[in-house]
Amino acid sequence: QVQLVESGGELVQAGGSLSVSCAASGRTFDGYAMGWFRRAPGEEREFVAAIRWSDGNTYYADSVKGRFTISRDNAMNTVYLQMNMLKPEESAVYYCAAGRPSYGNINKAEKYDYWGQGTQVTVSS
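Below: a short report on this structure.

## Some details on the state of the cysteines
Overall, the coordinates contain 1 disulfide when judged by the stated rule. Disulfide partner of C22: C96, at an S-S distance of 2.0 Å. Classification of the bridge connecting C22 and C96 rests on its S-S torsion, roughly -75°, and on that basis the disulfide is left-handed. Separated by 74 residues along the polypeptide, C22 in strand β3 (residues 18-25) and C96 in strand β9 (residues 92-99) bring together distant segments of the chain. Side by side, C22 and C96 carry an identical accessibility label, which is buried.

Below, the structure is given as structure tokens:
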């Protein structure tokens, strides 16, 4: 049974940094991409970043480029999202997802098969 467990969400001040993690288990993820999405209250789910297990290629939403970094630890089956210069409008539940989207679909939530429960990130102004 595939499990994705996020952790690390907390309250942080605007301009601050935070790292969230996603521990994956239940299968091998070769050929998979791991994505981070977020959903703020009343908003649609939004793509944040993704990384492919096999080659480590990374992808980012334009809004986070230069501030967020996604990385993976193959030995630990864990994906990280380092977030710097956080903004209040980035307060949301951050979700980890696993799937096999094609390059053009890496930012599409419907292309991911497995989802975690989410971790709350709150950025105070």
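There's more to say after this.
## Topic: the nonpolar core
In terms of nonpolar packing, the biggest core is built from 38 residues, with M34, W36, L81, M83 and Y94 touching the most fellow members. At the level of secondary structure, the elements contributing two or more residues to this core comprise β3, β4 (33-39), β5 (46-52), β7 (68-73), β8 (78-83), β9 and β11 (119-124).

## Thoughts on the packing of aromatic side chains
Centre-to-centre distance and the angle between the planes together describe a pair of aromatic rings. In total, this model carries 8 aromatic pairs according to the counting rule given. Aromatic side chains Y59 and Y103 sit 5.7 Å apart centroid to centroid with 65° between the ring planes, which places their arrangement in the edge-to-face category. Of this pair, Y59 sits in strand β6 (residues 58-60) while Y103 sits in the loop between β9 and β10 (112-115); the two residues are 44 residues apart in sequence, bridging distant segments of the chain. What makes Y59 buried here is its relative accessible area of 14%. Classification of Y103 as exposed rests on a relative accessible area of 63%. These aromatic residues form a ring-pair network of at least three members: F29, Y32, W53 and Y114. The lysine or arginine in question, R45, covers the ring of W115, its NZ or CZ lying 4.4 Å from the ring centre.

## Some remarks on the side chain of E6
Looking at the element boundaries, E6 is found in strand β1 (residues 3-7). Nearest to the buried, unbridged E6 among oppositely charged side chains is R45, at 9.6 Å. In terms of polar contacts, E6 uses its side chain to reach the backbone amide nitrogen of C96, at 2.8 Å. Of note is the side chain of E6, whose polar atom sits 2.9 Å from the backbone nitrogen of G118. Other than its neighbours up to four places away in sequence, E6 contacts S21, C22, W36, Y94, Y95, C96, G116, Q117, G118 and T119.

Definitions and limits used
Residues numbered from 1 in each chain as written. Predicted model: local features only at pLDDT ≥ 70, side-chain atom pairs only at ≥ 80, totals over all residues. Heavy atoms only, no water. Disulfide = S-S within 2.5 Å. Helix = DSSP H or I, 4+ residues; strand = E, 2+ residues; numbered from the N terminus. Buried < 20%, exposed > 50% of the residue type's maximum accessible area, 1.4 Å probe, protein only. Core = buried A, V, L, I, M, F, W, Y, C linked by side-chain atoms within 4.5 Å. Phe/Tyr/Trp six-rings, centres within 6.5 Å; stacked < 30°, edge-to-face > 60°. Lys NZ or Arg CZ within 6 Å of the ring centre and 35° of its normal. Lys, Arg positive; Asp, Glu negative; His and termini not counted. Salt bridge = Lys/Arg side-chain N within 4 Å of Asp/Glu carboxyl O. Polar contact = N/O pair within 3.5 Å; in protein donor to acceptor, adjacent residues only side chain to side chain. Contact = heavy atoms within 4.5 Å.

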